[in-house]
Amino acid sequence: MSTTSVLGGIVRRREDPALIQGTGAYVDDIKLPGELHAAFVRSPFARADITSVDASAALAMDGVRAVYTIDDVRDLGPLLAQVPVGALRPLLADGAVHHVGEAVAMVVADDRYVAQDAADAVVVEYEPREAVVTLKDSASDRVKVNDSLESNVLMSWAGPFGMEPDQIAEVKAGIDAGKARDDVVVVSQEMTNQRLIPVAIEPRAVLADYNAGYNSFNVWSSTQMPHALAGAVATMFGLPTTSVRVVAPEVGGGFGCKLNVYNDEILVAFASRHLGAPVRWTESRREAGNSTIQGRGWVATATLVGTRDGEIVGYELEGLADMGAYSQNFTVAIPFLGLFVGSGQYKMPTYWKIDCVATNTATTDAYRGAGRPEAIYYLERIIDMYAREIGLDPAEVRMKNFVPAAEFPAATSPLGFAMDTGDYATNLQALLDHYDYAGWRAEQEAARAEGRNVGIGLASYVEVCGFAPAGLADLGFSWSAYGLPTAFNGSGVVRVNPDGTATVVIGTGPSGQGHQTTWAQIVSDQLGIPFENIRVRHGDTAESPMGVGTFGSRSAAVDGSATYEAAARVREKAAKIAAHLLEASEEDIVFADGAAHVAGSPDSSVPWADIASVAYQPHKLPEGTEGGLETHVVYSPANATWPFGSHLAMVEVDADTGNVEILRYACMDDCGNVINPMIVDGQIHGGLAQGIGQALFEEAIYDEAGNLLSGSLVDYPIPTAGDLPAYELARTTTPTDINAMGVKGIGEAGTIGAAQTVVNAVVDALSPMGVRHIDMPLRPRKVWQAIQDARG
Amino acid sequence: MEITLKVNRREVSADVEPRTLLVHLLRERLRLTGTHVGCETGYCGACTVHVNGTAVKSCTMLAVQADGADITTIEGLASNGDLHPVQEGFWERHGLQCGYCTPGMIMSAVALLDANSNPSEDEIRHGLEGNLCRCTGYHNIVRAVEYAGAKMRGEEPPPPDWEVSA
Ligand code: FES
Ligand code: FES
């Protein structure tokens, strides 16, 4: 296989010198003179009516500036949500609370300690009501999550996509008919894909500063979507977007949890306007569990019908997904992203239906992978069970059922989506060969002979990223709710400055992905301007073109492509100028090493600084050429991109303790062409850690009354260095045909691939004892219990 | 209460409340914002600094307890513009993404290498268990520490293990 990297260079990150010396500035590091601090009074009940709020003691405290309740902010309306299905969140509780941790009042004071003390002094009287916490209970509509809801089941996502209900029913009937064949087995399992807390190490933080003279806001927020936040603030305060500047400075991880407009962001802006001073709020780790979105939370039954020799006849997934109490940015749309990849890499009749169910818990929304890890988890677990049932190797079963490479490009998935490019069999074969799968199996046999419980897990995945095609805007992939009814375009500005350096301005707001480095590589490759002479700016809505944000593994494929195109157009113009200066023909101009050269005449060249200086002296330009050297491109791809891959894990289970140790974890990912392999690796590593974290450790646990029992890092153990293995990575390269660089995206692949790979491995280790399935997280106690149960 | 301490080789005095945490003294009063806060409860390690040469989570220590101490934060690690080998290792081996855990992680790694100049991968992983990172999956943090360890021992660092094409 060949590597066809367009750029492919390992370049140390531009971002790092500041970050390793402590000079990068996150929101909480920025101080404004006279700034005030906000703190929230939060509900201890999952469901209650509020009978009174008494802030008098708090207001009497020294240094307290204000205590706000819903009466102060009701006029602003509820928190805007991009997909407003379900109950919308009032900015502060309006007569009732619907989850533990819901904000009831906001205190603003001179310092952080005083604000917290005053929040504790606000007396709220509640009349508790019955809460619904679990999915099945809620779906029964026995008790409503919120009086305003007609049903706790907010909507359903069913597929194949694009079909009428009766056509979908026909697909289902076809699969049901298959179940009756006498040459098939039917394998079915209900499984939980547990709720997770994203845990960015930087808690969310926001600082707002209202300027009365301009009637405008400056807002610094730890957000993945600065433009959407600016649009939301403008919309809620009835201002034009030009009156709101949002800056996302360094952002300490996001993973989807900062892909939301939050009520606290709107409220500090409100308080700043009201008090005439900057107001900030920084989330505490303790409140983050309930004040920031969570992810996952599905209970569903996967059913697979297949022949005894490994041909899949049909696949069904039916279940419930937890939305929490209020719908925020994308909430109910998350399972839709699962539908996109619901049939994975396989060609098989597929029926898919997930109901979006409200509960009296924190809101759920996008957490790394967002719907796709859930969908792939169910599919890859049930395929594994099927392989075991018919006694075939799991690799062989997968191989037999892949969408054939010949159907690409633009293969239509069984669930009705056009996929760009793919070569699944080649990728899986590469995984098996590169890591010597047969050798792994031999090692497993040897270990088993010694009485060790060693298992091997295999899983394949597709991802879909860059939800950018303009047509998707009609399905809600837009920031229309925030006053920005645009498609999810990519955007990039490339400007060559008069001294021959280049400034690149992008509308995304990264949170650790290294955009400054990758984008400088893209532009350097296009223009031949040295990497170190290119400066990439992002995250500031005042200086950047409208941008969508950093999520859905979209930045390189969508915004990178926009920048690539912008640089190409700048190059075209520069070639004209260079040709004029060198008295050569435009077609012969090539750019490299900081200069334009005439192909074939090594002595004939002009440095970028000279081209640029002429560009800004219009009288020296060729006739009819406009001054300046700058382009802004808005880019809309024809399709999303569909990366894919297969992963292998080897684990050992200690049957006495239930402890799982990952002995090896090996990947064969395919994200198309790669711009910076070092950064791509890093994205995979981090994604794997989050997938493995879900498989083995993490779970947001609510008790019957709706209390979050795992809100601290003690109760919610994200993996440490000692919990994780060294990862083995390799790749195949199947470029996409929908963008010029051939890049697909990599931000979520590791997470989408990992959880089921680990669970498959653990079940493989324990299958000789009769264990068939264990729900995640596979903590020692649960694994130990499963072993006891299997042994009877 | 008036306290005097040395921070990054400079003598400083401050009047602090008894309940002021060391991390807040560093961040809010001395404006050394490279030391981060991720949990304020001693679990994430983002606030790790050196107190008299030992790695300490500065959210678990009161400012008054640091009276008379010699403190080094991430801002004081490089000397005369030269990065510490651990800082260099993090840069060379992509040991950071968002950078939020990084100052604390680097301070812990420096302490780890001070105590054990040639740690195994396992020793590095367990030695850094008090520092959480959500971005890197730790792989490249381990490689960064290996790089730094080699440098500090005067050896050639192991080559990077970036992904290969099959
Ligand atoms: S902030 Fe000190 S350990 Fe987390
Ligand atoms: S680099 Fe982001 S938390 Fe470690």
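Since the structure is predicted, the reported quantities are computational estimates derived from the model, not experimental observations. (Residues numbered from 1 in each chain as written. Chains lettered and ligands numbered in written order. Predicted model: local features only at pLDDT ≥ 70, side-chain atom pairs only at ≥ 80, totals over all residues. Heavy atoms only, no water.)

Draft legend 1. Here's a closer look at the overall build of chain A. Along its length, chain A carries 20 helices and 30 strands. Taken over the C-alpha trace, chain A has a radius of gyration of 27 Å; the compact-globule value for 792 residues is 28 Å, and the two agree within 12%. With the C-alpha coordinates aligned to their principal axes, the bounding extent of chain A is approximately 90 × 75 × 50 Å. Relative to its 792 residues, chain A shows a buried fraction of 66%. The contacts of chain A with a sequence gap of at least 6 include a subset with a gap of at least 24, amounting to 79%. (Helix = DSSP H or I, 4+ residues; strand = E, 2+ residues; numbered from the N terminus. Rg over C-alpha atoms; globule rule 2.2 N^0.38 Å. Buried < 20%, exposed > 50% of the residue type's maximum accessible area, 1.4 Å probe, protein only. Contact = heavy atoms within 4.5 Å.)

Draft legend 2. A look at the interface of chain A and chain B. Across the contact, 64 residues belong to chain A and 53 residues belong to chain B. When the two sides are added together, the surface that chain A and chain B hide from each other amounts to roughly 5,100 Å², 55% of it contributed by carbon and sulfur. It is A:Ile20, A:Tyr113 and A:Ile201 that lose the most area in chain A upon contact with chain B, and together they represent 15% of the buried surface on that side. Counting across the chain A and chain B interface gives 6 salt bridges. With a closest N to O distance of 2.7 Å, B:Arg134 and A:Glu698 form a salt bridge. Seen at the junction of chain A and chain B, the total is 26 residue pairs in polar contact (both at pLDDT 80 or more). Counting residues per element, the ones that place at least two in the side of chain A that touches chain B are helix H1 (16-20), helix H4 (112-121), helix H13 (424-434), helix H18 (677-696) and strand S30 (727-731) of chain A. For the side of chain A that touches chain B, the class distribution of residues is 35 nonpolar, 16 polar and 13 charged. (Buried area = accessible area lost by both parts, 1.4 Å probe. Salt bridge = Lys/Arg side-chain N within 4 Å of Asp/Glu carboxyl O. Polar contact = N/O pair within 3.5 Å; in protein donor to acceptor, adjacent residues only side chain to side chain. Nonpolar A, V, L, I, M, F, W, Y, C, P; charged D, E, K, R; others polar.)

Draft legend 3. Layout of a negative patch on the surface. Residue and element names in this part refer to chain A. Where like charges cluster on the molecular surface, the negative patch consists of Glu-572, Glu-586, Glu-587 and Asp-588. When you line up the elements, Glu-572 lands in helix H16 (residues 555-582). Given the relative accessible area of 52%, Glu-572 is considered exposed. (Patch = residues over 30% accessible without salt bridge, like charges linked within 9 Å, V, L, I, M, F, W, Y side chains within 5 Å. Areas by Shrake-Rupley, 256 points an atom, 1.4 Å probe, with all protein chains shown as cover. Lys, Arg positive; Asp, Glu negative; His and termini not counted. Charge placed at Lys NZ, Arg CZ, Asp CG, Glu CD.)

Draft legend 4. Summary view of unusual backbone geometry. In the segment running from A:Gly159 into A:Pro160, the intervening peptide bond is cis, with an omega of 15 degrees. Here A:Pro160 shows up in the loop between strand S7 (153-159) and helix H6 (165-179). The peptide bond linking A:Phe408 to A:Pro409 adopts the cis configuration, its omega dihedral lying at 0 degrees. Within the fold, A:Pro409 resides in the loop between helix H12 (394-401) and strand S16 (411-412). The phi torsion at B:Asn8 lies on the positive side, around 50 degrees, for a residue other than glycine. Mapped onto the secondary structure, B:Asn8 falls in the loop between strand S1 (2-7) and strand S2 (10-15). With a phi close to 55 degrees, B:Arg31 is a non-glycine residue in the positive phi region. With respect to the element layout, B:Arg31 can be found in the loop between helix H1 (22-29) and strand S3 (48-51). Accessibility expressed as a relative area gives 36% for B:Arg31, which makes it partly exposed.

Draft legend 5. Fine view of H13(A). All names here are of chain A. All of the buried residues along H13 are Tyr-424, Asn-427, Leu-428, Ala-430, Leu-431 and Leu-432. Next to the buried residues of H13 lie H12, strand S17 (418-419), helix H14 (437-449), strand S18 (453-462), strand S28 (644-653) and strand S29 (660-670). Positive phi shows up at Asp-436, right after H13, with a value of about 60 degrees.

Draft legend 6. Layout of the pattern of salt bridges. Within this structure, the stated rule accounts for 55 salt bridges over all chains. The salt bridge partner of A:Lys744 is A:Asp420, with a shortest N-O separation of 3.6 Å. Placement of A:Lys744 in the loop between S30 and helix H19 (749-766) and of A:Asp420 in the loop between S17 and H13 is noted, with a sequence separation of 324 residues between them. For the pair A:Lys744 and A:Asp420, one class covers both residues: buried. Because the salt bridges share partners, they merge into one network encompassing A:Asp28, A:Asp29, A:Glu35, A:Arg112, A:Arg280 and B:Arg27.

Draft legend 7. Here's a closer look at the environment of A:Gly101. Of note, A:Gly101 is situated in the loop between strand S4 (96-97) and strand S5 (103-109). Residues contacting A:Gly101, with those up to four places away along its chain left out, are A:Arg42, A:Ser43 and A:Asn290.

Draft legend 8. Quick look at the pairing of S28(A). All names here are of chain A. Extensive coverage of S28 is indicated by the burial of 10 of its 10 residues. In S28, alternate side chains face the same way, and those of Phe-644, Ser-646, Leu-648, Met-650 and Glu-652 on one face and Gly-645, His-647, Ala-649, Val-651 and Val-653 on the other are all buried. Summarising the sheet, S18 and S28 pair through 10 bridges and their orientation is antiparallel. Along S28, the bridge assignment pairs Gly-455 with Val-651. Sheet topology note: the S28/S29 ladder contains 10 bridges and is antiparallel. Bridge pairing in S29 links Glu-652 to Glu-661. (Pairing = 2+ DSSP bridges.)

Draft legend 9. Local environment of the domain arrangement of chain A. Residue and element names in this part refer to chain A. Split into domains, chain A comes out as domain 1 (31-129 + 201-253 + 258-290), domain 2 (295-467 + 639-791) and domain 3 (489-635). Taken together, the contacts link 14 residues of domain 1 with 17 residues of domain 3. Between domain 1 and domain 3, a total of about 1,100 Å² is buried, with carbon and sulfur atoms accounting for 53% of that surface. Viewed at the interface, domain 3 and domain 1 are joined by 1 salt bridge. (Domains from an automatic or database assignment.)

Draft legend 10. Just the side chain of A:Thr303, in detail. All names here are of chain A. Here Thr-303 lies in strand S13 (residues 295-307). One polar contact links Thr-303 to Ser-188, side chain to side chain, over a distance of 2.9 Å. Beyond its immediate stretch of four places on either side in the chain, Thr-303 contacts Lys-179, Val-186, Val-187, Ser-188, Gly-314, Tyr-315, Glu-316 and Ile-382.

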